[in-house]
Amino acid sequence: MATIVGVRFKEVGKIYYFDPNGLDLQAHEPVIVETARGTECGEVAFGAREVSDEEIASPLKKVLRRANDHDKKIVEENREKEKAAYEVGLKKIKEHKLDMKLVSVEYTFDRSKILFYFTADGRVDFRDLVKDLASVFRTRIELRQIGVRDESKIVGGLGVCGRPFCCKTFLGDFQPVSVKMAKEQNLSLSPTKISGTCGRLMCCLKYEQEAYDHLLRVTPKNGAVVETPEGRGTVVDSNLLTGMLKVRLDKRPDAAPLVVSRKQVKTMRDGKVHVDKKELDALKDME
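Think of each chain on its own: its residues are numbered from 1, step by step along the sequence as written. Residues qualify for local features only when their pLDDT is at least 70, as the model is predicted, and side-chain atom pairs are given and counted only at 80 or more; totals for whole chains, interfaces and linings, by contrast, use all residues. In computing side-chain values, all of the structure's heavy atoms are included and hydrogens and water are not.

**Details of the pattern of salt bridges**
Salt bridge criterion: a side-chain nitrogen from Lys or Arg within 4 Å of a carboxyl oxygen from Asp or Glu. Counting across every chain of the model gives 16 salt bridges. Residues Glu-95 and Lys-92 are paired through a salt bridge, measuring 3.7 Å at the closest nitrogen-oxygen approach. Placement of both Glu-95 and Lys-92 in helix H1 (residues 69-95) is noted, with a separation of three residues, approximately one turn of the helix. The salt bridge partner of Glu-230 is Arg-252, with a shortest N-O separation of 3.1 Å. Of this pair, Glu-230 sits in the loop between strand E9 (225-228) and strand E10 (231-238) while Arg-252 is found in the loop between strand E11 (244-249) and strand E12 (258-261), placing the two residues 22 residues apart along the sequence. By relative accessible area, which is 35% here, Glu-230 ends up partly exposed. Runs of H or I in DSSP of at least four residues are treated as helices and runs of E of at least two as strands, each being numbered from the N terminus. Type-normalised accessible area, obtained with a 1.4 Å probe on protein chains alone, sets the label of each residue: buried when under 20%, exposed when over 50%, and partly exposed for intermediate values.

What follows is the structure, given as structure tokens:
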């Protein structure tokens, strides 16, 4: 077992483990830590706790100290420098006529490096751009190509539900999302219905899937043969959230389906969620 403290460097970013170095740290305290890219200022996500050695991917780096007023001033100055660097980056990209979109600029805490995050449809030869930027800022320059999901997390905005992006407000990491999840949640496979502002499948399909997995286990699927209070029949429609089923009774095949709760039926043979291969192939670029 090892004692660790969780630190994040962005508002809703990934949490990294550090050795608390004997400090009694509480959540939301700013701290100075040593990282792979140099000295950085982060915020404690959670205080000291013990984790198994298997959960630690590499030797723990230590928390150097609590951030003082001088450190906080450096962070504020860096934020102002980033705004100016962003404008310079836009200008230089235009001058070099590169097919790329600058998303954000980030200074490391010690100002030993400036990172420019961008999106592009393909590979971009930005070697001349890096040299040009280095001559302006007189420090190390790093350009990082990111995906559209990462862009949405950085920029933020409102989702189709009318609320701020999940990735911007509380999702620390992106998880794989599949079209099969949308099908199992009984959603329309129209791209406009299941894609977020970024153009990829909505993240909520993933973190809601656990609840739907449970509902799928307790709710007869379309095509299931069930025993109802009025006799045996076949499920022709089901609502996972309300638990209501429409059952076509064997003794009244031409009549309107019986509406009944899943709690009132006994499953004799369950159905399956069918995902058409053509639908999967057509929507695979959204995953």
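**Overview of the sheet that holds strand E8 (residues 140-145)**
Pairing in this open sheet of three strands is mixed, and the strands run E6-E7-E8 from one edge to the other. In the strand order of this sheet, the two ends are held by strand E6 (101-107) and E8, each with one partner. Strand after strand, the sheet turns through a mean of 20° between neighbouring axes, direction not considered. Two strands form a pair only when DSSP identifies at least two bridges running between them. Note that E6 and strand E7 (residues 113-119) share six bridges and pair antiparallel. Looking across to E7, one finds that Val-105 is bridged to Phe-116. Any pair of residues with heavy atoms lying within 4.5 Å of one another is described as a contacting pair. Fitted lines through C-alpha atoms serve as axes, helices being fitted only where they are in contact, and the angles separating the N-to-C directions of these axes extend from 0 to 180 degrees. Lying over the sheet, H1 contacts E6 and E7, oriented at roughly 145° with respect to E6. The strands touched by helix H3 (residues 148-155) are E6 and E7; relative to E6, the strand with the most contacts, the crossing angle is about 60°.

**Side note on the state of the cysteines**
Disulfide: a covalent bond formed between the sulfur atoms of two cysteine residues. Count a disulfide wherever a pair of cysteine sulfur atoms falls within 2.5 Å. The tally for this structure, following the rule as stated, stands at zero disulfides. Looking at the unpaired Cys-167, the closest cysteine sulfur is the one in Cys-203, lying at 5.7 Å. Classification of Cys-167 by relative accessible area gives buried; the value is 8%.

**Side note on unusual backbone geometry**
One non-glycine residue with positive phi stands out, namely Asn-21, at about 60°. Unlike most non-glycine residues, Lys-97 shows phi in positive territory, near 55°. Mapped onto the secondary structure, Lys-97 falls in the loop between H1 and E6.

**Looking at the packing of aromatic side chains**
Pairing of aromatic side chains requires ring centres within 6.5 Å, counting the rings of Phe and Tyr and the six-membered ring of Trp. Pairs whose planes differ by under 30 degrees are stacked, by over 60 edge-to-face, and all others tilted. A full pass over the atoms with the stated rule returns six aromatic pairs. Aromatic pair Phe-170 and Tyr-207: ring centres 5.6 Å apart, planes at 70°, arrangement edge-to-face. On the criterion of sequence distance, the pair formed by Phe-170 in the loop between helix H4 (166-169) and helix H5 (179-184) and Tyr-207 in helix H7 (residues 204-207) is long-range, its members being 37 residues apart. Taken together, the aromatic side chains of Phe-9, Tyr-16 and Phe-18 make up a single cluster linked through ring pairs.

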